[in-house]
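Coordinates in review
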Amino acid sequence: MVTIIKNATVVNDGQSRKADVLVEDDIIVKIEENINQPCASQSVEVMDAEGCYLLPGVVDDHVHFRQPGLTQKADIATESRAAAAGGVTTYFDMPNTVPQTTTLEALDEKFQLAAAESVVNYSFFFGATNDNLTLFDKLDKHRIPGIKLFMGSSTGNMLVDRETTEKIFAFTKLPIMTHCEDTSVINRNMEEAKRLYGNDPDVVCHPHIRSRMACLKSTLLAVSLARLYHTTLHVAHVSTAEELDAFNSEHSNITAEAVIGHLMFCDEDYDRLGTRIKVNPSIKTRNDRDAIRKALADGRISVVGTDHAPHLLSDKQGGCVKAASGMPIIQYSLNSMLELVDQGVITIERLVELMCHNPARIFGLSRRGYIREGYKADLVVVRPNAPWTVTADGIMSKCGWSPLEGHQFNWKVERTICNGRTVYANGTIVDTAAAEAVRFRE
């Protein structure tokens, strides 16, 4: 199978240039101007992308696809379709499913499920607990991105105590991705909120309960341990301006992720959207949102993910106690970031670094995340100046809703190519058999 993508503006390695891209089977074999059909005897698909931008497929380092065990909310089949519709060709799924991905058997089960059901490429974080450190040396470093460590705010037995946390930082060779919120601070804040506002405080209290101090205290602990033990640390979903000061070029082994919810919303939006934007860590002030946006450009934030976490709307009823935390957002993550490009927050070249190059580089993703000869053909075609509005009937996530319903975007994902095969085009899933388990550090 040969595909030539012609006349696109190719965005890669910090540059944008007009070029054609030749794909043979699942590999990019040539990138240059005016590529012609290589052989008359071959069947060639020529794709005219005039007026469009060609980006590497997005690598989302942070999703919750809910399978196994929580499939009333979402599953690998539905959420990977939403990913494809959003230009995402690779995702790393989190371990807090049922059962949790904290045993080798549970990890293998997830890979089997994804092999049967995923539309785009996949891998899975292995979850740390107080009791499974001895399993880390048995993990295949070529198969998974790293270890997910909940330093607060977890379910089940995945909240790891201080002693075990330090051992994990000291002995783990794989990258560690942390969720940083201090549980003791949150618990004190919740007790006070309940005293003042009743047993289920309104969602407007959420950023005061899951406060900036809870985030900062935990993040500073993670960063200090990574510096002490020279651990590769990636801090998930940074939500405050203060945390950003912990990340700089002096410690290249320590990086930070921002997620779409904290980039698109602030506490002023609780009145309009209520618990639809209730997430952990909480969405905080406009100043925090703007500081995180600034950090996208200056390098303190290295990766943009989604923390895509679907819930049924019935799960989102209530306040700070009863309403579930999490939002479905993967289908609109690239569109949202392209909106920030239009607003001058970042350049399109920086967008590609944040959503494609850097997650591939930080986690050692093999031959993906770039448009380079010899790399896997994971690509997305996007068209500017093509306005459209998010409507309920276009949502592919199983939960069936989005906090962005009614929002108008100016960019459109026209085509998503995974391993050289078109998996999504103009509103339709085209191919459901293109996905692969990705590899690392090869």
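Quick summary incoming for the structure in this document. (Residues numbered from 1 in each chain as written. Predicted model: local features only at pLDDT ≥ 70, side-chain atom pairs only at ≥ 80, totals over all residues. Heavy atoms only, no water.)

Comments concerning the side chain of Asp61
Selection criterion: Comment: elements are numbered from the N terminus, with helices defined as DSSP H or I runs of at least four residues and strands as E runs of at least two. Burial here depends on accessible area, computed with a 1.4 Å probe over protein chains only, as a share of the maximum for the residue type. Under 20% is buried, over 50% is exposed, and the range in between is partly exposed. The convention is simple: Lys and Arg are positive, Asp and Glu are negative, and His and the chain ends are not counted. The salt bridge definition used is simple: a Lys or Arg side-chain nitrogen within 4 Å of an Asp or Glu carboxyl oxygen. Each polar contact in these results corresponds to two N or O atoms within 3.5 Å; when the atoms are within protein, one needs to be able to donate a hydrogen and the other to accept it, and residues that are neighboring in sequence are counted only if both atoms are side-chain atoms.
Tracing the backbone shows Asp61 in strand β6 (residues 58-63). Put simply, Asp61 is tucked away with no salt bridge, and the nearest opposite charge, on Lys148, sits 9.2 Å away. Engagement of the side chain of Asp61 in a polar contact is seen with the side chain of His234, the distance being 2.9 Å.

Some thoughts on unusual backbone geometry
In this model, Val98 is joined to Pro99 through a cis peptide bond whose omega is 5°. Its location among the elements puts Pro99 in the loop between β7 (88-93) and α2 (104-117). Positive phi, close to 75°, is recorded for Arg66, a residue that is not glycine. Locating Arg66 in the fold gives a position in the loop between β6 and α1 (76-85). For His237, which is not glycine, the phi torsion reads 35° and is therefore positive. Here His237 shows up in the loop between β12 (233-235) and β13 (254-259).

Remarks on the nonpolar core
Worth spelling out the cut-off: Joining through side-chain atoms within 4.5 Å is the link that ties buried Ala, Val, Leu, Ile, Met, Phe, Trp, Tyr and Cys residues into a set, and such a set is a nonpolar core.
Ranked by size, the top nonpolar core spans 95 residues in total, and within it Leu296, Ile301, Leu334, Met337 and Leu351 carry the most contacts. The next biggest cluster of nonpolar side chains, apart from the first, holds 17 residues, and it includes Ala19, Cys52, Val381 and Ile417.

Here's the deal with the sheet that holds strand β14 (residues 303-305)
This is how the line gets drawn: The criterion for strand pairing is that DSSP finds at least two bridges linking the strands in question.
Across the sheet, which stays open at both edges, the 6 strands sit in the order β9-β10-β11-β12-β13-β14 with parallel pairing between neighbours. Two strands lie at the open edges of the sheet, namely β9 (126-127) and β14, each paired on one side alone.

Some thoughts on α1
Where we set the bar: Two residues qualify as a contact provided that any one of their heavy atoms is within 4.5 Å of a heavy atom in the partner residue.
With 9 of its 10 residues buried, α1 lies for the most part within the structure. Among the residues of α1, Ile76, Ala77, Thr78, Glu79, Ser80, Ala82, Ala83, Ala84 and Ala85 are the ones counted as buried. In the core, the buried residues of α1 are packed alongside β7, α2, β18 (412-418), β19 (421-425) and β20 (428-429). Taking the backbone nitrogen of Ala77 as reference, a side-chain oxygen 3.1 Å away marks Asp75 as the first, capping residue of α1. Gly87 lies just past α1 and shows a positive phi near 85°.

Describing empty space enclosed by the protein
Selection rule: Site definitions follow a grid-based scheme: protein atoms alone, a 1 Å grid, a 1.4 Å probe that fits but cannot get out for cavities, and for pockets an open set with protein on both sides within 12 Å along at least five of seven lines, plus lining residues having an atom within 4 Å of a point. Grid points are joined across faces, edges and corners, and a volume is the space filled by probe spheres set on the points. Throughout, the ten residues Ala, Val, Leu, Ile, Met, Phe, Trp, Tyr, Cys and Pro are labelled nonpolar, Asp, Glu, Lys and Arg are labelled charged, and all others, Gly among them, are labelled polar.
If you walk through the whole model with that rule in mind, you get 1 cavity of 30 Å³ or more. Every residue lining the largest cavity is listed: His308, Pro328, Ile329, Ile330, Gln331, Tyr332, Ile395 and Ser397. For the lining of the largest cavity, the class distribution of residues is 5 nonpolar, 3 polar and no charged.

Here we look at the layout of surface pockets
When its volume is computed, the second largest pocket comes out at roughly 240 Å³. Of all the secondary-structure elements, those providing two or more residues to the lining of the second largest pocket are β16 (388-389) and β18.

As for the pattern of salt bridges
Inspection of the entire model under this criterion finds 29 salt bridges. Note that Asp75 is salt-bridged to Lys398, the shortest N-O span being 3.1 Å. Highlighted residues: Asp75 in the loop between β6 and α1 and Lys398 in the loop between β16 and β17 (408-409), separated in sequence by 323 residues. The class for Asp75 is buried, based on a relative accessible area of 12%. You can call Lys398 partly exposed: its relative accessible area is 38%. Residue Asp298 pairs with Arg300 through a salt bridge whose shortest N-O separation is 2.7 Å.

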